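Residue-level structural notes
Chain by chain, the residues run as shown.
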Amino acid sequence: GLNLLEFCRETGLRIVNGRLCDDEGFGKYTCVKTAGSSVVDYVLCRPTLFDSFSNFSVGDPNIYPTTA
C-alpha cells in the first residue's frame, strides 16, 4: 500500500477506485475470500483524465470458490 502511494506521489498518478462514477465513495473490494476482503486491483490515471470517465465500477465478486 505505501509503495503504491509513493509511486502515485512520484508520478502524479491518482487511484481511480473509490473516486469516480459508480464506485465513488465506496471503493468496493476487488478480492473477497473466506479469510477476508481487500482491494488488490487498482486503476491509476492522471487527474486531468478524470472527466474522460463516463463509467467506472467494480463488479460483484466471483461467487465460485478458488483452490488458491
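Description of the structure in this document. All of these numbers come straight from a predicted model, not from anything done at the bench.

**Looking at the side chain of Asn 17**
- Mapped onto the elements of the fold, Asn 17 is located in the loop between strand S1 (14-15) and strand S2 (31-33).
- Looking at Asn 17, its side chain comes within polar contact range of the main-chain oxygen of Asp 41, at 3.0 Å.
- From its side chain, Asn 17 meets the backbone nitrogen of Val 43 in a polar contact 2.9 Å long.
- Setting aside its immediate chain neighbours within four residues, Asn 17 contacts Asp 23, Thr 30, Val 39, Asp 41, Tyr 42, Val 43 and Phe 56.

**As for the environment of Asp 60**
- With respect to the element layout, Asp 60 can be found in the segment after strand S4 (44-45).
- Here the alpha-carbon distance between Asp 60 and Lys 28, two residues 32 residues apart in the chain, equals 8.6 Å.

**So, the packing of aromatic side chains**
- The full count for this structure, using the stated rule, is one aromatic pair.
- On the basis of an interplanar angle of 80 degrees and a centroid distance of 6.3 Å, the ring pair of Phe 53 and Phe 56 is categorised as edge-to-face.
- Accessibility expressed as a relative area gives 26% for Phe 53, which makes it partly exposed.
- Its relative accessible area of 11% is what places Phe 56 among the buried residues.

The rules behind each value
- The residue count restarts for each chain, going from 1 along the sequence in the order it is written.
- The predicted origin of the model limits local features to residues at a pLDDT of at least 70 and limits the giving and counting of side-chain atom pairs to 80 or more, whereas totals for whole chains, interfaces and linings rest on all residues.
- Side-chain descriptors were evaluated using all non-hydrogen atoms of the structure, hydrogens and water having been removed beforehand.
- Comment: elements are numbered from the N terminus, with helices defined as DSSP H or I runs of at least four residues and strands as E runs of at least two.
- Polar contacts here mean pairs of N or O atoms no more than 3.5 Å apart (in protein, one a potential hydrogen donor and the other a potential acceptor; neighbouring residues in sequence count only if both atoms are side-chain atoms).
- Contacts were defined at the residue level, with two residues in contact if any of their heavy atoms lie within 4.5 Å.
- Centres within 6.5 Å are what make two rings of Phe, Tyr or Trp a pair, Trp counting through its six-membered ring; a difference in plane orientation under 30 degrees is then read as stacked, over 60 as edge-to-face, and the rest as tilted.
- Partly exposed describes any residue whose relative accessible area lies between the buried limit of under 20% and the exposed limit of over 50%, with all areas from a 1.4 Å probe on protein chains only and scaled to the type maximum.

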